[in-house]
Amino acid sequence: MAGADYLERIPNNVNLRDDRRLLRALEEWQPRFLDWWKEMGPDGFQATEVYLRTAISVDRDGWAQFGYVKMPDYRWGIFLAEPEPDRRIAFGDHLGKSAWPEVPGEYRGVLRRLIVTQGDTEPASVEQQRHLGRTCPSIYDLRNLFQVNVEEGRHLWAMVYLLHAYFGRDGREEAEALLQRRSGDRDKPRILGAFNEQTPDWLSFFMFCFFTDRDGKYQLASLQESGFDPLSRTCRFMLTEEAHHMFVGEVGVARIVQKSCELMRDHRTDDDVRRHGGIDLPTLQRYINFHYSVSLDLFGSEVSTNAANAFTMGLKGRFEETKKDDDHRLADSTYPVTTLEADRVVSRDLPALTALNERLRDDYIADCQRGVDRWNRIIDEHGIDLELRLPHRGFHRAIGSFGEAKISPDGRVITQAEWDARRDEWLPTPEDAQFVATLMRPVVEPGRFAGWIAPPPRGINGLSLDHEYVRLTRKEG
Ligand SMILES: [Fe+2]
Ligand SMILES: [Fe+2]
């Protein structure tokens, strides 16, 4: 495949110009996408120039270009990673056969559902975050928010391309429906629970990027293993962009932790961080508990025949499937699953095939823990005796075997009465949200940062911290 057609109306590296029907269908979808962006994308700032990175090719070095763009003029494009020559299906019933360049007819429905479910999360997060621009802690952060937003928009394009190119009429209908659903809407909500929650403040935003967007990373990583080659290549390139979203979340929370520790040290106080304009660590813990638990639900039930089927069919693999050293069919193997049995939390060896959701959740949990460890190192460096923790996987769950029970953060099955009595210790309270809301005052002078968050270690793309990442001086009409 040659380079990308970056100058086309829809930048792409899939030779769109050679497929007039597909091109026309996507060109018809494009203005509707823009209408959606203007209605549901960032509130305000649509005429503002933002220093953004745009994908222009899939070369490992130099895939992106940085420059000032007004968001509606962002060059949303379709980019698939380069095909791997003679790629083979790495798991399931079709192990060893050539990867499919087209949708296998018998798997059409399952594949479409996988693509639509992934696609639905992309615009959902843009909708959830649309009011945050007004309260940015710095224009560095404002730029990062918009970067994440435009890239989630591009991820929607990535999924819509697959729907249009490979699923005919139903695909086109699904592509329309992706623009019709709305996060949090009672009548036409987004498909998955966590994508209907609110992201009312920047603390929630950083937590969302760290925990909820990381679910996306794991879903994409297992779809990247797909035997349906266009999906695999699409996801492989999306993961390149996804790394920045993980960074925004992890470093965002780290900077809040850093600031809180500095306030504790400077004012010799353990429990009065709020009075000094910081977010106290117990509040951070409650936000962790919330965002982590709703994100765990995104992986689905511990035991799932859907997950088993998607694997057996060769549509969705495990995280790092090709690096695993087993039979890649899982017909006879087991996997330890933490579950609830008669009011006790137990570990049971269950058939590995139906435990695939749990295995992916385990990969995700280990990844989350690495981030939490880095946050704890900051606390430790300040000589503060406190540790942030991931709550037990059964805590505050709505889906799977723990969905019916009440589990404490340390993993005990508790009564409804104990839950009611202690809920406010464990999850953000309305009072927490109100307090965090009082901190959400915009800071827009280049190089300045709100008092509740430390500056990042460095700027974007080698630029200084006081660079004007968003040109707010020219007022919008
Ligand atoms: Fe995404
Ligand atoms: Fe993302």
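Notes on the structure in this doc start here.

### Observations regarding the coordination of the iron ion (ligand 1)
Right, so step 1: Of the protein atoms, only Glu122 (OE), Glu152 (OE) and His155 (ND1) coordinate the iron ion (ligand 1), at distances of 2.0 to 2.2 Å.
Right, so step 2: For the iron ion (ligand 1), all donor residues lie on one chain, and their spacing in sequence is E-x29-E-x2-H.
Right, so step 3: A separation of 3.4 Å is found between the iron ion (ligand 1) and the iron ion (ligand 2), which are bridged by Glu152. In this pair, Glu122 is assigned in helix 2 (residues 108–128) and Glu152 in helix 3 (residues 139–166), connecting sequence segments 30 residues apart. Exposure class is identical for Glu122 and Glu152. Each is buried.

### Points about unusual backbone geometry
Right, so step 1: The backbone of Asp86 shows a phi angle near 55°, a positive value even though the residue is not glycine.
Right, so step 2: Asp86 gets classed as exposed once you look at its relative accessible area, which sits at 56%.
Right, so step 3: The backbone phi angle of Ala342 is positive, close to 45°, even though this residue is not glycine.
Right, so step 4: Of note, Ala342 is situated in the loop between strand 3 (334–341) and strand 4 (344–351).
Right, so step 5: Ala342 sits in the exposed class, given a relative accessible area of 77%.

### Thoughts on the packing of aromatic side chains
Right, so step 1: In this structure the tally under the stated criterion is 34 aromatic pairs.
Right, so step 2: An angle of 65° between the planes, with centres 6.1 Å apart, marks the rings of Trp36 and Trp37 as edge-to-face.
Right, so step 3: We classify Trp37 as buried; its relative accessible area is 0%.
Right, so step 4: Here Tyr140 and Tyr469 contribute two aromatic rings whose centre-to-centre distance is 6.1 Å and whose plane-to-plane angle is 75°, an arrangement assigned as edge-to-face. Taken as a pair, Tyr140 in helix 3 and Tyr469 in the loop between helix 11 (430–439) and strand 5 (470–471) lie far apart in primary sequence, 329 residues in all.
Right, so step 5: An aromatic cluster is built from Trp29, Phe33, Trp36, Trp37, Tyr74, Trp76 and Trp157, whose rings are joined through pairwise contacts.
Right, so step 6: The ring of Trp419 has Lys406 sitting right over it, with the charged end atom 5.2 Å from the ring centre.
Right, so step 7: Looking at Arg471, its charged tip hangs above the ring of Tyr68, at a distance of 3.5 Å from the centre.

### A word on the environment of Glu127
Right, so step 1: You can see Glu127 is positioned in helix 2.
Right, so step 2: By relative accessible area, Glu127 is classed as buried at 6%.
Right, so step 3: Sequence separation between Glu127 and Thr429 is 302 residues; the distance between their C-alpha atoms is 23 Å.
Right, so step 4: For Glu127, the contacting residues outside a window of four places in its chain are Trp36, Met40, Arg181, Arg182, Ser183 and Arg190.
Right, so step 5: In terms of polar contacts, Glu127 uses its side chain to reach the side chain of Trp36, at 2.8 Å.

### Brief notes about the coordination of the iron ion (ligand 2)
Right, so step 1: Around the iron ion (ligand 2), the protein contributes the donor atoms Glu152 (OE), Asp213 (OD), Asp213 (OD), Glu242 (OE) and His245 (ND1), which lie 2.0 to 2.7 Å from the metal centre.
Right, so step 2: Each donor residue of the iron ion (ligand 2) lies on the same chain, and together they follow the pattern E-x60-D-x28-E-x2-H.

### A few points about the nonpolar core
Right, so step 1: Grouped together as the largest cluster of nonpolar side chains are 108 residues, with contacts concentrated most on Phe211, Val257, Trp375 and Trp452.
Right, so step 2: Of all the elements, helix 3 adds the most residues to this core, at 15 residues.

### A few points about the pattern of salt bridges
Right, so step 1: Overall, the coordinates contain 45 salt bridges when judged by the stated rule.
Right, so step 2: Notably, a salt bridge pairs Glu431 with Arg274, separated by 3.1 Å at the nearest N-O pair. One end of the pair, Glu431, is in helix 11; the other, Arg274, is in the loop between helix 6 (229–266) and helix 7 (281–297), with 157 residues separating them in the sequence.
Right, so step 3: On the basis of relative accessibility, which here comes to 48%, the residue Glu431 falls in the partly exposed class.
Right, so step 4: Overlapping salt bridges, with partners in common, bring together Glu39, Asp120, Glu127, Arg181, Arg182 and Arg190 in one network.

Calculation notes
- Residues numbered from 1 in each chain as written.
- Chains lettered and ligands numbered in written order.
- Predicted model: local features only at pLDDT ≥ 70, side-chain atom pairs only at ≥ 80, totals over all residues.
- Heavy atoms only, no water.
- Donors = N, O, S within 2.8 Å, 3.2 Å for Na, K, Ca; no water.
- Helix = DSSP H or I, 4+ residues; strand = E, 2+ residues; numbered from the N terminus.
- Buried < 20%, exposed > 50% of the residue type's maximum accessible area, 1.4 Å probe, protein only.
- Phe/Tyr/Trp six-rings, centres within 6.5 Å; stacked < 30°, edge-to-face > 60°.
- Lys NZ or Arg CZ within 6 Å of the ring centre and 35° of its normal.
- Contact = heavy atoms within 4.5 Å.
- Polar contact = N/O pair within 3.5 Å; in protein donor to acceptor, adjacent residues only side chain to side chain.
- Core = buried A, V, L, I, M, F, W, Y, C linked by side-chain atoms within 4.5 Å.
- Salt bridge = Lys/Arg side-chain N within 4 Å of Asp/Glu carboxyl O.

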